[in-house]
Structure formats: C-alpha cells, structure tokens
Amino acid sequence: MSKKVIVVDAGRRKFFPADSLYTISSVKDQVDMDQVSIYRLFEAGDLALILDELGSVGDDEAVLFLWVYEKFYPVEMQSMLQELIDTANSMAKVTIAMGGIHPTLARDLLLGDTRIDYVIAGWPWSASSEWLDGGKQSTPKLLVAAKDGGLPDHLKLKDAFSRIKNIKSCVMTTATGEIYFNYRSTYMCKNGCAFCHATHFLKHFGGLIEKSDERIQEELLFLKDAIGTDKVYLSSYVCDKRTIDSLNRAGMKVENQYSLMVKDITPELLDMFKGLGAECVFIGLENLQTPVQKRVGKHFEIDHFEKALRDGDAIGMMFEGNIMVGLNSILGQPSTSEDIVRDIRSVIPQYRRYRNLRVLLRPFMPFVGTPLGDKLWENTGRLDNVGYWDYIKLGFSVARGHGVPEGLPIPPAYADLEAFETIKTYYKSFEQLVRHRTSLYKYPPKNKDKAVLCDRISDLCFDILETGNVDFGDFLEDALDAMSRWK
Ligand code: SF4
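Each value, and the rule that gives it
Each residue is numbered by its place in its chain's sequence as written, counting from 1. Where local features are concerned, this predicted model is filtered to residues with pLDDT of at least 70; where side-chain atom pairs are given and counted, the filter is 80 or more; whole-chain, interface and lining totals use all residues. Where each domain begins and ends follows an automated or database-derived domain assignment. Whether two residues are in contact depends on their C-beta atoms, placed from the backbone: they are in contact if these lie within 7 Å. Every helix listed is a DSSP run of H or I at least four residues long, and every strand listed is a run of E at least two residues long, numbered separately from the N terminus. Put simply, Ala, Val, Leu, Ile, Met, Phe, Trp, Tyr, Cys and Pro go in the nonpolar bin, Asp, Glu, Lys and Arg in the charged bin, and everything else, Gly too, in the polar bin. Each helix should span, by expectation, one fewer than its residue count multiplied by 1.5 Å. Every C-beta atom is placed from the backbone, and the number of other C-beta atoms within 10 Å of a residue's own sets its class: buried at 20 or more, exposed at 12 or fewer, partly exposed in between. Along the arc lie the directions from the helix axis toward the C-beta atoms. If DSSP finds at least two bridges between two strands, the strands pair. Where helices are involved, their axes are fitted lines through C-alpha atoms of the stretch in contact, as for all axes, and angles between N-to-C directions lie from 0 to 180°. Any angle between 65 and 115 degrees counts as roughly perpendicular, while under 35 counts as roughly parallel, over 145 as roughly antiparallel, and the rest as oblique. Handedness of each helix crossing follows the sense of rotation of the near helix against the far helix: counterclockwise by less than a right angle gives left-handed, clockwise gives right-handed. Only the C-beta atom matters for nearness: placed from the backbone, it must lie within 6 Å of the molecule or strand for the residue to count as near.

J.: I tried to follow the domain arrangement of the protein chain on my own but got confused; where do I start?
T.: Frequently, the measure chosen for interface size is the accessible area removed from exposure when the parts meet. Each assigned domain of the protein chain is listed with its residue range as follows: domain 1 (4-148) and domain 2 (171-484). Here the C-alpha centroids of domain 1 and domain 2 sit 29 Å apart. Between domain 1 and domain 2, the residue contacts involve 24 residues of the former and 23 residues of the latter. Secondary structure elements with two or more residues in the side of domain 1 that touches domain 2: α3 (75-89), α4 (101-105) and α5 (107-110). Per element, the largest residue contribution to the side of domain 1 that touches domain 2 is 4 residues, and it comes from α4. For the side of domain 1 that touches domain 2, a count of residues per class yields 14 nonpolar, 5 polar and 5 charged.

Next comes the structure, spelled out in structure tokens:
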C-alpha cells in the first residue's frame, strides 16, 4: 500500500510515542514506510505541522490514525483533536481511525461520532488492520483487539523511529535543560482496582503486558542512542525491582517520580530508586477508610503507610499521595459534604506529621468501562444526551476539580450539588498546599530557617482544615508570595 498514513499520538505531555511506533511496526508489511508520518500532538505548533501534511494529501487516499492513551485529555487537546477530525472528515478520501483508553472504555459513545470511520477498542497492534485499507464508513466500525494479544514478536522500535516528524514534542526537558523521555516496561497493571481503566484492560485485552528483560535492554539502548540522553521517566503504572535492575544495566538515570503500591514499599526498593536518581515516589492512596479500601481493592494498613514515610524520610525521599474524594459513594449513595470532610480529615494526621508527604486531592469520577464506574452508572442511571466529547470534557473537568462545564449535568452517581461544591473548595485549598510543599519545601530542606517557617505555615493550614473551614482565603497565597522572594 502506498497511500499516506498519518499517525497522531495525542496527549498533554511531551511523551515519546512508543504506542504509535508499535502500531506502525505491527503493520509494517502492509504499508510503504516512506509514506508513514508519526507525530506527537502536544501543542498548537504540532497541530499546524499535522494539518500541513494532511493538506498535502490533496485528492489522494490517506489514513489518519489517532491514538489517545491518556486517562484524561484536557479541553485544549480536545479542541485540537476536533479540528483535526473536522479537517480530515472534510476530505473525500481520508479515513479516520481512533483508539486509546477512552475510545476503548467509552466506545459506545464514540460510535455515535459519524466523522470517525473506525473505533479501535484495546491495543491497536492486536486488532484487525482493517482501518488501514477498509476505506471510509458511513457510521463508525468497531474493531476489537484480541485478548492476550501482547506486543507483536517481530516488533523493533527502530523500525518506525525514523518516521517521527516532531521529536521535540516527544521529549521532556529538566529544569537544567537536559532532555529525557518516558518509557514503559509494562503496560497496564494487575492490581485490579475497581475504579481503574487498567482493570478493564486486564479483563478484556490481556491487561498486563510485561516486556522481557532482553527487550527492555534492546529498546532502552536504542532510544538512549537515538534520542541522545541517558535520562528516562519510567511511565509504567507500578514499578518493581526487575525494572529498576533493567534501567541500571542500560546505564539509565531516572527523572521525575515513580509509582509504587504502599504495600510493596520496602527500604531496599526505596534505596534502589534513590540510587537511580529518583527523589519522589507516587503512591495511590485513594482512601484511608478500610471499608472503602476493601471495596475498591486498594487495601493497605496505615502502619505500613507510616513506616514507608519514615523509611523515605531516612533517605530523603519524598512521597506524593493521591486521595480520591467522593469515593465513598461506592458504598451505595452519592457522597455528601460530611463524607467529603471525613475523607479529608482522615489524611491530615499523616500529612501533618511527615514533611516528606504531599497530598493531591482528586475528585472521584466514575468512568464508564471501569468495573466501579459501570456499576454506579447502572445503579443511578447514565447521563442522557451526553455524547463522547462532552463525556470526556465532563470527566476531565470533574476529575481535575474544575467543576462541571456549563450545560452539562453532575453525574448522579457521584455527588449531590452541595457535596460537589465542597469538593471544589477543598480541591483549591489542596492545590495551594501542594504548591507550598512543592515549590518552597524542597525535601530534605536545604534552608533550615525557611523550612521552619514552611512548617509553621503548613501547621496553620492544617488547623484551618481541621476546623472544617476549607478556604484558606488569601492567607496562603500571601505567605507563598512573601517566601518566594526569600532566597
Ligand atoms: S494500582 Fe494503579 S494502575 Fe494499578 S489497577 Fe490500581 S489504580 Fe490502576
């Protein structure tokens, strides 16, 4: 086949588009590789490049393949994708295929978008390649990937690497200007949390894909040389000793933070991370109340959590923990303001005691296609007349604490109006607190006097939170501004 194939890997960060490379590698015998272009769509400049290339197609046949791996994509990304889809749709011989996490989970909704020709559920390299040569469709055709497809055996990243057209949007830059790229040693996760899309993939598409040691070595060494950096951001959902060993053997250093399950954390693992250059470990706490933890499959003991914080403290390691408010709606009823306040208060003792803990607050959004999301939507009714794009907008806005976009309803499964407003206010307060600990309380603190002041400010914030007064007003902002001038 000699028609143009334009692959767009969209997301809100400058991620290396490995998924798109795998997809193209899996069909490399069916395409003319010289006619393939791979782009990371991250910002307006990328969109302009892609539209240019699309414009060069003229009246010829072509395929636009859109891949969105992210859990949420923000409003700006949605607008760019819409523009791309509208342009391609206006061209008589351009076929549009779309796949990714939400196109998989919310496929029924996406099938209502008649601009799309093929919706791919699951890993595109394990699905039929009909999207390549099947031509335009009057209504979207669903292609469902094989279960346990894994990654194709013949795959080599280097087969498709040279087809990337905008490598600058595929690599991230540290504060000191060094570049680094993300890498996944595993795909999805076997922990089975009931609110998580990974659980859906595990059940329907073989879920966890673990690359062999040899493959990790081969890929890392190739990318290290091709991209020109030994810094990597490990974007596997949950890390383990084997992965750290592989990074060590390939001579890689790590940038950014890594994800561990609280129950898996040991001093040895923390030491290994530290040895690779990691400064922060992400832990999905979600909720500290045992009945809720049991229902969502995220069970750990508070003692273990505190021990991890102490072990981290001993070697100067920071932790970032996620609390998902509104998650107690899974116990049967939409969350109330009291539930929300109870969730927040449950984490304050640890947050107060351990200075190497940052807490992110995330409103819970029951995504369709996840075990918990499906159950909740089933019990309380789905939202009528909310199409795929509105659903994504709603999901992103709620999960980011931005509120519900105008014209869209609050999901009935989630919270009542008052509780939703409470969540929004708490979210803002926590954002300020995280900014405080991120920007001013470097861990371990370099300037002891400044750290003492930071601690006092933190304590005042916790006092405010404990009284149930969730709004810091200008107090924290003023303190942050004053301290940022203190060198
Ligand atoms: S540990 Fe994280 S990635 Fe794995 S299933 Fe749970 S929430 Fe999803």
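J.: Would you mind showing me how to read α3 here?
T.: For the α-helix, the turn length of 3.6 residues means that residues three or four positions removed from each other point alike. Here α3 spans 21 Å end to end across 15 residues, near enough to the 21 Å set by a 1.5 Å rise per residue. Here α3 has its buried residues at Met 77, Met 80, Leu 81, Leu 84 and Ala 88. End-on view of α3: buried residues confined to an arc of 95°, all on one side of the axis. Opposite the buried face of α3, at more than 90 degrees from it, the exposed residues are Glu 76 and Asp 86. Residues of α3 that are buried make contact with β1 (4-10), β2 (36-41), α2 (44-55), β3 (62-68) and β4 (94-100).

J.: What exactly am I supposed to notice about the sheet that holds strand β5 (residues 118-121) here?
T.: Whenever strands of a sheet pair, they do so through backbone hydrogen bonds, lying parallel or antiparallel. Taken in spatial order, the 6 strands make up an open sheet running β2-β1-β3-β4-β5-β6, and their pairing is parallel. Each edge of the sheet is formed by a strand with only one pairing partner; in this case those strands are β2 and β6 (141-144). Strand-to-strand twist of the sheet, defined as the mean angle between neighbouring strand axes without regard to direction, takes the value 20°. By the bridge criterion, 7 bridges tie β1 to β3 in an arrangement that is parallel. From the neighbouring strand, Lys 4 faces β3, where its bridge partner is Ala 62. Each of β1, β2 and β3 touches helix α1 (residues 18-26); the most contacted strand, β1, lies at about 150° to it. Along the sheet, α3 contacts β1, β2, β3 and β4; its crossing angle with β4, the most-contacted strand, is approximately 150°.

J.: Please clarify how the packing of helix α14 (residues 337-353) against helix α18 (residues 448-466) should be interpreted in this entry.
T.: Relative orientation and spacing of two packed helices are given, respectively, by the angle between their axes and the distance between those axes. Put simply, α14 and α18 touch, their axes get as near as 10 Å, and they point 160° apart. Relative to α18, the element α14 is oriented roughly antiparallel. In this structure, the crossing between α14 and α18 has a hand that is left-handed. The residues of α18 that touch α14, namely those facing Ile 344, Arg 345, Ile 348, Tyr 351 and Arg 352, are Phe 462, Leu 465 and Glu 466. For the contact of α14 with α18, the per-class residue count stands at 5 nonpolar, no polar and 3 charged.

J.: Help me understand the environment of Arg 40 in this model?
T.: Relative to the assigned elements, Arg 40 resides in strand β2. Under the C-beta neighbour-count criterion, Arg 40 is labelled buried, with 26 such atoms within 10 Å. On a C-alpha basis, the gap between Arg 40 and His 197 in space is 23 Å, while along the polypeptide they are 157 residues apart. Ignoring any residue separated from it by four or fewer positions in sequence, one finds Arg 40 in contact with Asp 9, Lys 14, Phe 15, Pro 17, Asp 46, Asn 166, Ser 169 and Cys 170.

J.: Would you mind showing me how to read the site of the ligand here?
T.: Taken together, Cys 189, Asn 191, Gly 192, Cys 193, Cys 196, Ala 198, Thr 199, Tyr 237, Val 238, Met 261 and Gly 284 form the complete shell of residues around the ligand. Within the shell around the ligand, the residues separate by chemical class into 7 nonpolar, 4 polar and no charged.

J.: Explain the pairing of β1 here, please?
T.: Successive residues of a regular strand alternate their side chains across the two faces of the sheet. With respect to burial, β1 is a largely interior element, 7 of its 7 residues being buried. Burial along β1 is two-sided: the residues Lys 4, Ile 6, Val 8 and Ala 10 and Val 5, Val 7 and Asp 9 are all buried. Both β1 and β2 contribute to a ladder of 6 bridges, which runs parallel. Bridge assignment links Asp 9 to a residue of β2, and that residue is Arg 40.

J.: Explain α2 here, please?
T.: Over its 12 residues, α2 extends 16 Å from the first C-alpha to the last, a length consistent with the 16 Å expected when each residue adds 1.5 Å. The inward-facing, buried residues of α2 abut β1, β2, β3 and α3.

J.: Before we go on, may I ask you to explain unusual backbone geometry in this structure?
T.: Peptide bonds are mostly trans, and most non-glycine residues show a negative phi. Here Met 188, not a glycine, exhibits a phi torsion of approximately 65°, which is positive. Positionally, Met 188 belongs in the loop between β9 (186-187) and α8 (197-205). For Met 188, a count of 24 C-beta atoms within 10 Å translates into the label buried. Backbone geometry at Glu 286 places phi at a positive 65°, although glycine is not the residue there. Residue position: Glu 286 is located in strand β14 (residues 280-286).

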